[in-house]
Each structure stands twice: as structure tokens, then as C-alpha cells.
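# Commentary on secondary and tertiary structure
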Amino acid sequence: MSASVRRILVLNVGKPVNGDVSQRPEAVALREAQPDYVVFVCSQPDRPQAGSLDYVGEYARLVSLSPNQYESLVLPDPDDLADCYQKLVQCLEGLRVRFPGAELLADYTAGTKTMSAALALAALDNEQSPEVKLRLVRGQRGQQATVIPGTESFVAVSGIHDLRARRLVSRARDALERFDYAEADRLLGQALQREISPSLRGQLERVRNLCRAFDAWDRYELERAATLLGIYRANWYQWLEVLQQLQGVTRAFTAKENRQSPDQPRLIDLDQLRDPYVAVEDLLLNAERRAAQARYDDAMARVYRALELLVQLRLWLGHRIDTSNADLARLPEALRVQYASRVEPGRPLTLALLQAWDVLAAFPDEPLADWLRAERGRLLDWTRHRNHSLLAHGFTPVTGNVWREYGCDGIELCRAGLTVLVEKNVRRPLKHRQFPQVDLLSEVT
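Because the structure is predicted, anything quoted here is derived from the model rather than measured. (Residues numbered from 1 in each chain as written. Predicted model: local features only at pLDDT ≥ 70, side-chain atom pairs only at ≥ 80, totals over all residues. Heavy atoms only, no water.)

### Let's talk about the pairing of strand E5 (residues 132–138)
Side-chain direction in a regular strand flips from residue to residue, so the side chains alternate between the two faces of the sheet. Basically, it comes down to this: By this definition, two strands are paired if DSSP reports at least two bridges between them. For helices the rule is a DSSP run of H or I covering at least 4 residues; for strands it is a run of E covering at least 2, with both sets numbered from the N terminus onward. Call a crossover right-handed when, viewed with both strands pointing away from you, the route from the first strand across the helix to the second goes clockwise.
For strand E4 (residues 103–107) and E5, the ladder comprises four bridges, and the chain directions are parallel. Paired with Leu104 across the bridge in E5 is Val132. Handedness of the crossover is the feature at issue here: the chain leaves E4, passes through helix H4 (residues 113–125), returns alongside E5, and the resulting connection is right-handed. Bridge count for E5 against strand E6 (residues 153–156) is four bridges, and the pairing is antiparallel. Looking across to E6, one finds that Leu136 is bridged to Val155.

Structure representation (C-alpha cells):
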């Protein structure tokens, strides 16, 4: 039986006023749908009053349905929305199991208003594939607003794909609230698989591309992010300026070849950037997004990298010191003897965060020197908690309380250093801000 069932009609049944079912909308739906199997959704008889269940046999005979081609779903109270909805949800799920791959049509024309609402809701909420197709019997209305007999048609409910898509958009909104661009991309992709209206499709495609751009940026796939944002350059040019600076910073720290001459230092490309320090702010914003997702270990690690990068940038841009291969002759004179004992033949002199911090603070003309010396104790306290975390050197989880007490302190510390650079005219900051969230959906109408 299941192999031969290709089309199923779930049909709300009402009671004919004059007892003649042949002129009812249910009859129109049965004749035009030509289903292989029918579920008649009807009310329980309450003697002496009849229920719509009493008319199921007549509808079946009207279109020559054999007993194994239909069933009745009896609703004890056709005015109880919650109960009607739950029973219809279970019915649709059961039909999918019994008749896999069959086309599912749901006609909510007849029955009580509650039955109609319940069937429409159950069909809309069923997100499995193939989806439930909502149908309606409609026709030309006369002077009393009643349908003129003979004009009825069994038609698809217009805009239903847009309605289903908007339900997915609502879930994408929740994902964006927590900066989950990958999940928002997935949900919008499901919405775009439907036969939605051209205007809604264009809006959702734009939002999906932007979600993909910020997801790529979150993972530091900067070239992909720039490509996707570039599609909408007119509205996102400020973000593209930041991306350009970030790409320059990453190239400077990762490029070991492709130099015009072997004499060029590794970090020489930083000199061409307007605001390399924006990369520090970007890491802090990234850390805040991880914290918003309760990924506190990840957030702590990004704050550490931001503090480290701030010092690395200052050492190079202010004193031509590369922390991965420090030139002993460029260190502050007071520290050269101390660090000379650490130099091993054939191996570069590297500076970890605290070492780089102390070296930078020892330069008397360094704009951050006073701030570095004043905040050293605070940095030590922060790194102690960071070092105990799983993504550093320990196994202690960074809880929400630890993050709020210590993790946020690292962000404050780093931003204070950036502020000093601006106040002393060392940095000309580009405008950077936290990634957009639900405002990405503001133009979806």
C-alpha cells in the first residue's frame, strides 16, 4: 500500500447544512486533488447532535475511496486549539513514517475555525522534507459574500513559502543575538531553498552573504571576508578599511619569503599601514564575542594575544625590535647584559609577553613606558589566571565569574594602552566597532 501512495490529503471536514456533501468544499478538494490516501479530520459526534465524522463515509463514496485508502482523525473537542494542533502534528509525523516520500497536502477550508488554525499551524511547523503543502478551496463570492456554486477551485495558499522562510529568519535572529553567524547562514540557506518571492530572496541572499563575511572574519579568513563584504562596498567601506589593515598586519607577521631583498626585515610591511593597532582592537572585539557565547577560555586566549600584539607592534614600530628574533644591540642598554646571557649560538633571541613588556617599559622615550610600569602588577595578576586555563598551561576552566572578574580586566588593560597611544598622537585610529547582530536583518521586510 505505502509504495502506491504518492499523494496524501489531510482534509478538514465540516457538517453540510442540508446534508448534501457533493456541493461542499471538501468534495471539491477531493475531486481536484485526486489523492491516493486521505485523512479526514473531523469532530466527534455528540448525540443527538451529529459530528462531521458522520459524513466521512459519504465523502469517501463520492470519489470512490476504498476503506484502505482513508482514515479518520477524530478531534474530541474541535474548539481546543492546543489539543487539535498536537493531534495534527502527530498525524503528519505518522504519515511521513508510513508513507515516506509521499506528497502531503493539507486543506483547512472546512471545519471549525479552531480546526483550520490548528491544521495551518501544524503544516507550517512541519519543517521536514517534503514539506506539507497548504491548500484552500476558494471561489467567486456573490452579493452575500458567499461562494457562488460552480466557481470553486482547489488552490495553493499563496505566499506560504515566504511564511515558512520568515520562521527560519526568526531563528536566524536568535543566532545573530549570540554572534553565531555560521548558524544564521545555515538557517537562511534553508529559507532560500524554498520557492520564495523574488524580493524576499534578494533580501535574504544579501543577509546570508554578510553572515558568511562576518563568520569568515571571526575565523580570520580575512581575504574571504573582504571578498564578501566587497559586494556591498557602498555600505560597508569602513569595515573594508579595517579589513585591509588587518590583512596587512597578518601578512607582516606571517611572510617569510617574497621579500624584495633578503635584507628586508620581517615586519617591514607594518610601516606602510595607517593603523596597525586596529588589529589589537579587533582581537578584543573577537574576545567579547566569544564571551557572549560563554566560550570564556577562548575569550581569555584572545585577550592574551591582543596584549601580546600590542607590545609586539610597539617594539617594532617604535624601536625596530622583532620579538621573534630580537636584535640584542637594539635592546635598552640597561637590559643588554641581562639578555646577552640568554643568547644561544645559532638561535634567535625571542621575547615572551612579560619580557617584551619589560623591554618596552625600559625605553625612556617610549610613549607607553609609564603606563607599562604602572600596570605591571595588574598584568601579572591577569596572566596568572590565564596561565591556569586549558588553552594556556593548565586545566582550570574559565567560568563566567572568572571571566567577569579577571578576563574583562585584561580587555580594560589593553584598551587603556591603546588610549595612551591615541592621546600621545602615536596612533591615528580607524573607526572599529563590534560586529552587527540582528541589525543585519533590518532590511528584511
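### Observations regarding the pattern of salt bridges
Cut-off, in case you're wondering: The salt bridge definition used is simple: a Lys or Arg side-chain nitrogen within 4 Å of an Asp or Glu carboxyl oxygen. The rule is simple: take the accessible area with a 1.4 Å probe, protein chains only, and divide by the maximum for that residue type; under 20% is buried, over 50% is exposed, in between is partly exposed.
In total, this model carries 31 salt bridges according to the counting rule given. Between Glu308 and Arg305 there is a salt bridge, with its nearest N and O atoms 2.9 Å apart. With Glu308 and Arg305 both in helix H11 (residues 296–319) and three residues apart, this pair spans about one turn of that helix. What makes Arg305 partly exposed here is its relative accessible area of 29%. Each of the salt bridges in this network shares a partner with another, and the network as a whole consists of Glu375, Arg378, Asp409 and Glu412.

### Notes on the nonpolar core
The test is simple: To define a nonpolar core, start from buried Ala, Val, Leu, Ile, Met, Phe, Trp, Tyr and Cys residues and group those joined through side-chain atoms within 4.5 Å. In what follows, residue pairs with any heavy atoms lying within 4.5 Å of each other are defined as contacts.
Ranked by size, the top nonpolar core spans 93 residues in total, and within it Trp217 and Leu229 carry the most contacts. In terms of residues, this core owes the most to one element, H11, which gives 13 residues. If we ignore the near neighbours within four places in the chain, the residues touching Leu229 are Leu210, Ala213, Phe214, Trp217, Trp236, Trp239, Leu240 and Leu243. In this structure, Leu73, Ala106, Leu124 and Val132 belong to the second largest nonpolar core, which totals 29 residues.

### Some details on the packing of aromatic side chains
The description of an aromatic ring pair rests on the distance of the ring centres and on the angle between the ring planes. Which entries qualify depends on this criterion: A pair of Phe, Tyr and Trp rings is counted when the ring centres sit within 6.5 Å of each other, with Trp represented by its six-membered ring. The angle between the planes then sorts it: under 30 degrees is stacked, over 60 is edge-to-face, the rest tilted.
For the structure shown, the criterion picks out 17 aromatic pairs. Judged by centre distance (6.1 Å) and plane angle (65°), the ring pair of Tyr181 and Phe435 falls under edge-to-face. Placement of Tyr181 in helix H6 (residues 181–192) and of Phe435 in the segment after helix H16 (400–423) is noted, with a sequence separation of 254 residues between them. Given a relative accessible area of 3%, Phe435 falls into the buried group. Ring centres 5.4 Å apart and planes at 85° place the aromatic pair Phe214 and Trp239 in the edge-to-face group. Remark: Trp239 occurs in helix H9 (residues 233–254) and Phe214 occurs in helix H7 (residues 198–218); sequence separation between them is 25 residues.

The values reported here are purely geometric and, on their own, carry no functional implication.
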